[in-house]
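# Results of the structural survey
In case you want the letters, here they are:
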Amino acid sequence: MIHFLLRFRQALFSPIQKIQLYMQPKIIKGEHALLDLVDVLKEKHLTHYMILTTPGFIKRGTLQSFFDALNQNDIQYSIFHDLKPDPEICDVEKLKEMFIKEGCQALIAIGGGSVIDCSKAALACIQMKNIDVKTVLHTGRVSKPLPLLIAVPTTAGTGSEVTAGAVITDPIKKRKYALSHLFLIPKYAVLDASLLTSLPSKMTAYTGMDALTHAIEAYINCFNNRKTNEYALCAIKSIFQYLVPSFEDGLNKHYRLELLEASYNAGVAISNNYVGYVHAIAHGIGGMYHLQHGMINAIILPIVLEEYGDAITKKLVNIADIVGINGCTDKEKVERFIKKLKELNRIFSIPTSIPEIKDEDIHYLAIGAEKEGNPSYPTPVTWDVEQFEKVIRKIKHGYTI
Ligand SMILES: [Fe+2]
């Protein structure tokens, strides 16, 4: 009965999500897309931009030609780069204050998911003037359109440049909070391959596996439509084709751009059809032990797919066909596909387990995952807290190859 009610509620929300297919950001893409953005900014006639990025990008001088182009065109801006890898509530508060203090009208977020998510959260809080940041994040309340947000991803993984969500860490409660609203979708996504060539191979792998998890979870969830499936399958195919080459040759801009597009497509897929229990579990583990999100997903993904069992056989067979995995029976194809995921992890030196998980934390993590996943994510099966505990125990001890 509970299962039926959860599914009924998900079905009610499903049509709303389909609207997101038509609310995608405008894409500017190519080797020097960031410089092309300047022409767009010139036409906006806004008085002051906030640029949020990472200390590494400033130190390496990667953005200097962009700053020069802004200066040449008299476009005013302030730079904020004092941000932690996993943005916390205090980072959102700092960015909000700085944006208001500098009299900014728009925000350009140049960085990975952390930078883009922090930007979304700060802009949402700026719009909710009379409510403090903590309350906005805890309640997930976003009720007004955001100031102009331009997302420039420097990793190919989170898809935050297209999604309607943002994840922020609460270090006191050791939890991650997910904001979700159509207003959080950036107005522009700038896909510039040259910004990714300095990304270390380890991060290429982690973020690529995050994008792969997005595409797979969106595809195997219930209520997906033809268009969502196209985006998800297209992303899965590209990631299988280009992630290992990009891991081995990070300077290749063609591989980088293919992965940026794959990550974007996976982002569209989850905007319409959400992630699933891999993410529901990963958010709790990430918040508790400060491990990299994509790496956690990569470890959890094969374990959760095995636990979903027969409910996803047909869909995993379709994915196996798309990526060229053969087998005499459906069961064999599914086994080989999951084995391939484990093999990718081995190539990227991603561990098979998360031994950091403490026994005494498992119940808390399971409660958090259940709360996040049910009924928000239209997963192919529904688990209770006890089932989550069982799966988290498996993740702690790891999968066999
Ligand atoms: Fe993710």
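Reading the values: rules and limits
Residues numbered from 1 in each chain as written. Predicted model: local features only at pLDDT ≥ 70, side-chain atom pairs only at ≥ 80, totals over all residues. Heavy atoms only, no water. Helix = DSSP H or I, 4+ residues; strand = E, 2+ residues; numbered from the N terminus. Areas by Shrake-Rupley, 256 points an atom, 1.4 Å probe, with all protein chains shown as cover. Lys, Arg positive; Asp, Glu negative; His and termini not counted. Charge placed at Lys NZ, Arg CZ, Asp CG, Glu CD. Buried < 20%, exposed > 50% of the residue type's maximum accessible area, 1.4 Å probe, protein only. Donors = N, O, S within 2.8 Å, 3.2 Å for Na, K, Ca; no water. Tetrahedral: all angles 85-135°; square planar, octahedral: opposite > 155°, others 65-115°. Domains from an automatic or database assignment. Contact = heavy atoms within 4.5 Å. Buried area = accessible area lost by both parts, 1.4 Å probe. Salt bridge = Lys/Arg side-chain N within 4 Å of Asp/Glu carboxyl O. Phe/Tyr/Trp six-rings, centres within 6.5 Å; stacked < 30°, edge-to-face > 60°. Lys NZ or Arg CZ within 6 Å of the ring centre and 35° of its normal.

Moving on: the overall build of the protein chain. Of regular secondary structure, the protein chain possesses 16 helices and eight strands. For the protein chain, the spread of C-alpha atoms along the principal axes amounts to about 65 × 45 × 40 Å. Put simply, the protein chain shows about 16900 Å² of open surface, and 54% of that area lies on carbon and sulfur atoms. Side-chain charges of the protein chain comprise 44 positive and 42 negative groups, with the mean position of each set lying 3 Å from the other.

Below, the discussion takes up unusual backbone geometry. The step from Asn374 to Pro375 runs through a cis peptide bond, and the omega angle for that step is 0°. Checked against the element boundaries, Pro375 lands in the loop between α15 (362–373) and α16 (385–397). Of note, Asp74 is a non-glycine position whose phi angle comes to about 55°, a positive value. Here Asp74 is to be found in the loop between α4 (64–72) and β3 (77–80). The exposed category is assigned to Asp74, whose relative accessible area is 63%. Although it is not a glycine, Tyr274 adopts a positive phi angle of roughly 65°. Structurally, the position occupied by Tyr274 is in the loop between α10 (253–273) and α11 (277–289). When its relative accessible area of 22% is taken as the criterion, Tyr274 is described as partly exposed.

This brings us to the coordination of the iron ion. The protein atoms that coordinate the iron ion are Asp210 (OD), His214 (NE2), His279 (NE2) and His293 (NE2), at distances of 2.1 to 2.3 Å. Coordination geometry of the iron ion: the four donor atoms subtend angles of 86 to 172° at the metal centre, consistent with an arrangement described as irregular. In primary-sequence terms, the residues that donate to the iron ion follow D-x3-H-x64-H-x13-H. Of this pair, His214 sits in helix α8 (residues 201–220) while His293 sits in helix α12 (residues 293–308), placing them 79 residues apart in sequence. Under the relative-accessibility criterion, His293 is labelled buried at 18%.

A common measure of how large an interface is: the accessible area buried when the components associate. Here the protein chain is described as being made up of domain 1 (31–196) and domain 2 (201–397). Just the C-alpha atoms count here: the centres of domain 1 and domain 2 sit 26 Å apart. Counting residues at the interface gives 22 residues for domain 1 and 24 residues for domain 2. For the pair domain 1 and domain 2, the two sides together bury roughly 2200 Å², of which 64% comes from carbon and sulfur. Our count for the contact surface shared by domain 1 and domain 2 stands at one salt bridge. Between Lys253 and Glu31 there is a salt bridge whose closest N-O contact spans 3.6 Å.

Here we come to the packing of aromatic side chains. Throughout the structure, instances matching the rule amount to 11 aromatic pairs. When the ring of Phe240 is compared with that of Phe337, the centres are 5.9 Å apart and the planes differ by 25°; the resulting orientation is stacked. Of this pair, Phe240 sits in helix α9 (residues 226–248) while Phe337 is found in helix α14 (residues 330–347), placing the two residues 97 residues apart along the sequence. Assigned by exposure class, Phe240 and Phe337 land together as buried. Ring centres of Tyr274 and Tyr377 lie 6.1 Å apart, and the angle between their planes is 40°; on these two criteria the pair is classed as tilted. One end of the pair, Tyr274, is in the loop between α10 and α11; the other, Tyr377, is in the loop between α15 and α16, and 103 residues separate them in sequence. In this structure an aromatic cluster arises from ring pairing among Tyr277, Tyr308, Trp383 and Phe388. The aromatic ring of Phe57 is capped on one face by Arg60, whose charged end is 5.2 Å from the ring centroid.

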